[in-house]
Amino acid sequence: MATTTRTATDLRAALEAVVGPDHVRDDAGALLTYATDATPLERGRPDVVVFPGSTDEVAGVLRFANERGIPVVPRGSGTNLSAGTVPHRGGIVLVLTRMNRLKEISPGDLVAVCEPGVRTIELAQAAAAEGMLFPPDPGSHTTATIGGNVAECSGGLRALKYGVTRDYVLGVEAVLATGEVIRSGGRLVKDVAGYDLRRLLCGSEGTLAVMTELTLRLVPAPEATGTGMAYFDDLGDAARAVSRVLSDGVLPVTLEFLDRVCIDAVEGYSRIGLDRSAGALLIFGQDGDEASIDRDMRRMAEACEAEGATHVRIAETEAEAADVLQARRAVLPALSRLEPLTILEDATVPRSRIAEMVQRIQDIAERHGLTIGTFGHAGDGNLHPTIVLDPADGEALERAHAAVDEIFAEAIAMDGSITGEHGVGLVKLRHLEAQLGADHLALLRRIKGAFDPNGILNPGKLGS
Ligand SMILES: Cc1cc2nc3c(=O)[nH]c(=O)nc-3n(C[C@H](O)[C@H](O)[C@H](O)COP(=O)(O)OP(=O)(O)OC[C@H]3O[C@@H](n4cnc5c(N)ncnc54)[C@H](O)[C@@H]3O)c2cc1C
């Protein structure tokens, strides 16, 4: 490992020579802004914040940092929920948002080519203008960047039918920690030349390389979308309805659920007429042509009724559909209003075990005297147990940490995962070995060493 030299003037001068003086910041405001991300309670302190404008500049920054052994934390919009961009070992926060050129939308090849700092919504809108769909749609899509989406392998509401970000990454240009630029994949649907590094980089959380260009797969936009909702007295009935929908041969675009705590919080927050006495709410949707939407929406409504739904409604107008979807979109802000601190988790279990997992979460909440609302993607088993509490109550915080540990242990015991879409980052690192095992973790570390021999890229996160 190279020796670390980190005086402020030394750093500034060297980095200004690479990206220009306007794109290096070490003022108090910048150091404070880039000390945190969207993860509650986690903070670091960068030595300097750098905003490169090109692949060459990224390579220049990395070569310099690698020679000096300075940590580099790649960053998009900082909306991740696993402290993946918290600079807990100081060093350089490398913000990619200046690299925001949407270079191409190609209806012929069904691809988009862009720099990592393009926001998800910008790409989706540009694709829609050409009659195409970029399906990954994390709830943070108005703010998050494509680089962040790929580095986290983000999911979203459409993952059941369309898959996650990984399924749309055709090609990646990336800069290694040592400054070399590699390209993996491109605009080809079929390409098996070499190891599939673009897949490896997808979900690598800034620990292997800095991505500087992405080639993404688009699909033809569906003609229309249908949306509906079903109330259940009991979450077990809702979970059985999910199984029945899927085994009836319908692959919905949306299949989301809210538990009792979430329904109550959303209605208190947005007053959209939800039934606060219900035990669970299932939101279902389909896209495609009008005929198949009608058929699938009817079949999903029937499956819900067959499993004991107390009330089923299919939206007849766009405004009604917007209301239904608002129930799901409002969950996080609604829960956040209950207490000053919101801890949002994303444990995942096989979808056949959702009801069992939610019951375990409720038991854990009761045992620890905590409020935990659980909502999530019922179709793919990705649950978001969300703890709300007052952090001034240090003892409650300790109970919350214990509850999170137990939730992860339950997920792992059910052949699930400690994270379906939010990443490991800093906050889940201590749970990773329990899921993967020591040999697997050791292999991750050897892979990390091959990409980043001096361990400068996002050190102390994911497998490093
Ligand atoms: C309100 C809210 C809703 C959310 N909803 C969802 C959701 O529905 N689904 C979901 O999956 N996530 C969701 N998230 C989490 C988060 O928004 C996503 O992980 C998002 O993809 C992060 O994008 P970003 O630009 O903010 O990346 P950042 O947070 O800046 O970075 C995320 C990770 O990517 C790395 N990184 C960033 N850019 C690069 C690059 N160019 N090269 C290499 N590494 C890089 C960073 O080092 C870090 O490890 C939500 C977050 C919030 C706050």
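Residues numbered from 1 in each chain as written. Predicted model: local features only at pLDDT ≥ 70, side-chain atom pairs only at ≥ 80, totals over all residues. Heavy atoms only, no water.

### So, the packing of aromatic side chains
Here is step 1: Going through the model one piece at a time under the given rule, you end up with two aromatic pairs.
Here is step 2: Arranged with centres 5.9 Å apart and planes meeting at 75°, the rings of Tyr34 and Phe51 form a pair that is edge-to-face. In this pair, Tyr34 is assigned in the loop between α2 (28-33) and β2 (48-50) and Phe51 in the loop between β2 and α3 (55-68), connecting sequence segments 17 residues apart.
Here is step 3: Judged by relative accessible area, Tyr34 falls into the buried class, the value being 14%.
Here is step 4: On the basis of an interplanar angle of 80° and a centroid distance of 6.2 Å, the ring pair of Phe134 and Tyr168 is categorised as edge-to-face. Of this pair, Phe134 sits in the loop between β7 (132-133) and α5 (146-152) while Tyr168 sits in the loop between α6 (159-162) and β8 (169-176), and the two are 34 residues apart along the sequence. Assigned by exposure class, Phe134 and Tyr168 land together as buried. (Phe/Tyr/Trp six-rings, centres within 6.5 Å; stacked < 30°, edge-to-face > 60°. Helix = DSSP H or I, 4+ residues; strand = E, 2+ residues; numbered from the N terminus. Buried < 20%, exposed > 50% of the residue type's maximum accessible area, 1.4 Å probe, protein only.)

### Some details on α3
Here is step 1: Relative to the 20 Å expected for 14 residues at 1.5 Å per residue, α3 spans 20 Å between its end C-alpha atoms, a close match to the ideal helical length.
Here is step 2: Most of α3 sits out of view: 10 of its 14 residues are buried.
Here is step 3: All of the buried residues along α3 are Thr55, Glu57, Val58, Ala59, Gly60, Val61, Leu62, Phe64, Ala65 and Asn66.
Here is step 4: Two residues or fewer after α3 comes Gly69, characterised by a positive phi angle close to 70°. (Expected span 1.5 Å × (residues − 1).)

### Some points on the pattern of salt bridges
Here is step 1: For the structure shown, the criterion picks out 30 salt bridges.
Here is step 2: Here Arg187 and Asp109 are joined by a salt bridge, their closest N and O atoms 2.9 Å apart. Here Arg187, found in the loop between β9 (181-185) and α7 (197-201), pairs with Asp109, found in the loop between β5 (102-106) and β6 (111-114); they are 78 residues apart in sequence, far enough to count as distant.
Here is step 3: Accessibility expressed as a relative area gives 32% for Arg187, which makes it partly exposed.
Here is step 4: Residues Glu345 and Lys428 are paired through a salt bridge, measuring 3.2 Å at the closest nitrogen-oxygen approach. Here the residue Glu345 occupies a position in the loop between β16 (341-344) and α13 (354-368), and Lys428 occupies one in the loop between α14 (394-413) and α15 (429-436), the gap between them amounting to 83 residues.
Here is step 5: For Glu345, a relative accessible area of 11% translates into the label buried.
Here is step 6: Given a relative accessible area of 2%, Lys428 falls into the buried group.
Here is step 7: Because the salt bridges share partners, they merge into one network encompassing Lys103, Glu173, Arg183 and Glu213. (Salt bridge = Lys/Arg side-chain N within 4 Å of Asp/Glu carboxyl O.)

### Details of the nonpolar core
Here is step 1: Membership of the largest hydrophobic core comes to 51 residues, with the highest contact counts inside it found for Phe232, Leu282, Met357 and Ile387.
Here is step 2: The element best represented in this core is α14, accounting for seven residues.
Here is step 3: For Ile387, the contacting residues outside a window of four places in its chain are Leu341, Thr342, Ile343, Leu370, Thr371, Ile372, Ala400, Ala403 and Val404.
Here is step 4: Listed in part, the 32 residues of the second largest apolar core include Phe134, Ala151, Cys202 and Met211. (Core = buried A, V, L, I, M, F, W, Y, C linked by side-chain atoms within 4.5 Å. Contact = heavy atoms within 4.5 Å.)

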